[in-house]
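# Structure assessment
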Amino acid sequence: MAPVDPHSFTDSAHPFTTHIHLSFYFDFPSSTIHSSALLSLSSPHSGPLFLDTRSLTLLSVLDPQTRNPLPYSLSDPDPIKGQNLVVSLSNHSSVLVVYSTTPASSALQWLNPPQTFNKAFPFVYTQCQSIHARAVFPCQDTPAARIRYSARMNVPRQLSAVMSARHVDRRPPVAGEGAALPCGDALWCAEGRVVEEFVMEQPIPPYLFAFAVGELGFRDVGPRTRVYSEAAPAVLEAAATEFAGTEDMIRQGERLFGDYEWERFDLLVLPPSFPYGGMENPRMVFLTPTVIKGDASGAQVVAHELAHSWTGNLITNKTNEHFWLNEGFTTYAERRIVEVVQGEERAALNIGIGWRGLNEEMERFSDNMEFTKLKTKQEGVDPDDVYSQVPYEKGFQFLWRIEREVGRPAFDEFLKKYIATFKFKSIDTEMFLEFLKTNIPGIETKIDLVLWTEGTGIPPDALEPISNIYTKIVTLANEFKAGRVPGEDEVADWQGQEWELYLENLPKSVEASQILALDARYRLSESKDYEVKVAFLQLAISSGCSQYHGEVERTLKEVGRMKYLRPLYTALVQGNGRQEEKIFAKRVFTEARDCYHPIAQGVVESIFAKHM
């Protein structure tokens, strides 16, 4: 008996769950879901079964056949893993858990009508990566245990539901369906309720379980793609325009990596509080509205989430300690798609921005270099606290290094074989390296595979990108140090990415007068592109320009994407003698906190704990 994952109570001696059937009654006034979960096991089991839970109110654990109670106990809460639900089984191959979620669920964000676009109806959505599925339903919450699932979702009739699953039906509630639930049949079948049914037929890791319920609208943008958002024409039209090229991306992905196995690739643009740029939930990618930039450059986030359809969703890291297998491969795949669809210069810009980000993460983890490795040790570590660009960008650099060694045609053949071999499986770094050495004999004599996967820092054979536009931007950034602001003719054709790369290559702290001169000419603090605006505001904070505090406050209250919250709050509270900024940061967070997803709230609180 041994745990299979440092972030889960799941035990190697117990059978894995293969299917979960869920019944959900959404009670918006109390921010809870009254639920039941029927877990089917891979084989009959006698003895204890360990399930991960967090912030759930358990009502009963039953034998599904007889409805007799099964003995169970709950461990004391672990700050990272939650509570171990230990169920005693006697040759059982399934178990039924009846429970309710609580408003403290780390996976769910409930939005009141004033927090939505139309301000008429409430909204709720999930974010289950990395280890938050356990806050929606009891499960073996490890990517090592892949599940199929089906769901019945009982919602108010004015609302609709979407899931990372195939939609089967929207129908009236049926008497008897809610009898075993905490809400009972009376509420389940009440006037004004409707049931939406879904099924996920491919086995997925639990962190890819996802749903959203609200006043939703949609536009079709391709034969396999529908864009959903809150039912506001302005948002829907902007999203449909931004992502009009999605089908072309899917075709390029198939050409590079093999068949698209998930049938549909729909997109849901969430409210601004969504904590990530995108989440690759199969069949239904979740996106932040900040990727709608008006110039189709937001489609690069879509390219990344699409690439996950092969690397991450189809082949999954066995635990978060091997997260680079998801994100390094996906970053590589994303850039290959971008290169074909948007050109080599655009892909080189992406690599350059990533290179700067990787070097910044080396500084961030300078006091804990463990998290500059690809293969990490995360026992006793909350994966949300150490989430970074390292698995993305160092993982990309590793695969790019292999590509340079063997040549692109050979590496493309290797990738297709890798995906075909491991699809619908969860693997670790050792399995990948074994496959690599078997299929590219002698690679370990050309590339130090141990240094790349287990070494700290950036290996000496990593490569800064080379391209005309990249070199020009870095040169201009170096000239800024000597007081030269780029001329309007030099930046006339720049989009958000060019400005982002320029700002990221400036010194971390410059004269306040230089910041003001740059902004006076190019109004970067007012950019509609949050990547540009946040990079500029970060520079302004570290250069002591307190006149931008108003724009910083507006930004921190407008969006909940952690890519923006983390650097802005860190810049405000990092270092000595920043008492005024620390008070400012604390006040803004207090006022904005309820608009952030619980995951983002926790990340900001951990920044404060470290620096205040």
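Residues numbered from 1 in each chain as written. Predicted model: local features only at pLDDT ≥ 70, side-chain atom pairs only at ≥ 80, totals over all residues. Heavy atoms only, no water.

Per an unreviewed UniProt entry, the protein goes by the name Leucine aminopeptidase and belongs to Eucalyptus globulus. Comment text from UniProt for the protein, heading Subcellular location (unreviewed entry), reads "Cytoplasm". What the UniProt record of the protein gives under Function (unreviewed entry) is the line "Aminopeptidase that preferentially cleaves di- and tripeptides. Also has low epoxide hydrolase activity (in vitro). Can hydrolyze the epoxide leukotriene LTA(4) but it forms preferentially 5,6-dihydroxy-7,9,11,14-eicosatetraenoic acid rather than the cytokine leukotriene B(4) as the product compared to the homologous mammalian enzyme (in vitro)." (UniProt positions renumbered as here; feature names shortened; annotations may be inferred.)

### A closer look at helix 19 (residues 598-611)
The terminal C-alpha atoms of helix 19, which comprises 14 residues, lie 20 Å apart, in line with the 20 Å expected from a rise of 1.5 Å per residue. Every buried residue of helix 19 is accounted for by Ile599, Ala600, Gln601, Val603, Val604, Ile607 and Phe608. Where helix 19 is buried, its residues contact helix 17 (562-573) and helix 18 (579-592). (Helix = DSSP H or I, 4+ residues; strand = E, 2+ residues; numbered from the N terminus. Expected span 1.5 Å × (residues − 1). Buried < 20%, exposed > 50% of the residue type's maximum accessible area, 1.4 Å probe, protein only. Contact = heavy atoms within 4.5 Å.)

### Points about the environment of Thr17
Among the secondary structure elements, Thr17 is positioned in strand 1 (residues 17-27). Taking the C-alpha atoms as reference, Thr17 lies 5.6 Å from Ser40; in sequence the two are 23 residues apart.

### So, the pattern of salt bridges
A side chain with one charge may pair with a side chain of the opposite charge, provided their charged atoms come close. Following the criterion strictly, the structure yields 41 salt bridges and no others. In this structure, Asp461 engages Arg401 in a salt bridge whose closest nitrogen and oxygen atoms are separated by 2.9 Å. Taken as a pair, Asp461 in the loop between helix 11 (449-454) and helix 12 (468-480) and Arg401 in helix 7 (residues 390-406) lie far apart in primary sequence, 60 residues in all. Arg401 gets classed as buried once you look at its relative accessible area, which sits at 12%. For Arg587, the salt bridge goes to Glu591, with nearest N and O atoms at 3.3 Å. (Salt bridge = Lys/Arg side-chain N within 4 Å of Asp/Glu carboxyl O.)

### As for the environment of His308
Tracing the sequence through the fold places His308 in the loop between helix 4 (299-307) and strand 18 (315-317). Each C-alpha atom of the pair His308 and Asn326 lies 7.3 Å from the other, and the pair is 18 residues apart in sequence. The contacts of His308, once residues within four sequence positions are left out, are Glu280, Asn313, Leu314, Asn326, Glu327 and Thr330.

### Thoughts on the UniProt feature "binding site: Zn(2+)" (unreviewed entry) in the protein
UniProt records the feature "binding site: Zn(2+)" (unreviewed entry) at His304, His308 and Glu327, using the numbering of this structure. Taken along the chain, the residues just named run across 24 residues; in space they keep tight, none of their C-alpha pairs more than 9.1 Å apart. With respect to the helices and strands, His304 occurs in helix 4. Look past the residues within four positions of His304 in its chain and what remains in contact with it is Glu327, Thr330, Thr331, Glu334 and Tyr392. Taking relative accessible area as the criterion, His308 reaches 0% and is therefore assigned buried.

### Side note on the nonpolar core
Counting 178 residues, the largest nonpolar core has Phe26, Phe211, Phe432 and Tyr502 as its most contacted members. The leading source of residues in this core is helix 15 (residues 530-542), at nine residues. Judged by nonpolar contacts, the second largest core, of five residues, contains Tyr25, Leu181, Trp188 and Val195. (Core = buried A, V, L, I, M, F, W, Y, C linked by side-chain atoms within 4.5 Å.)

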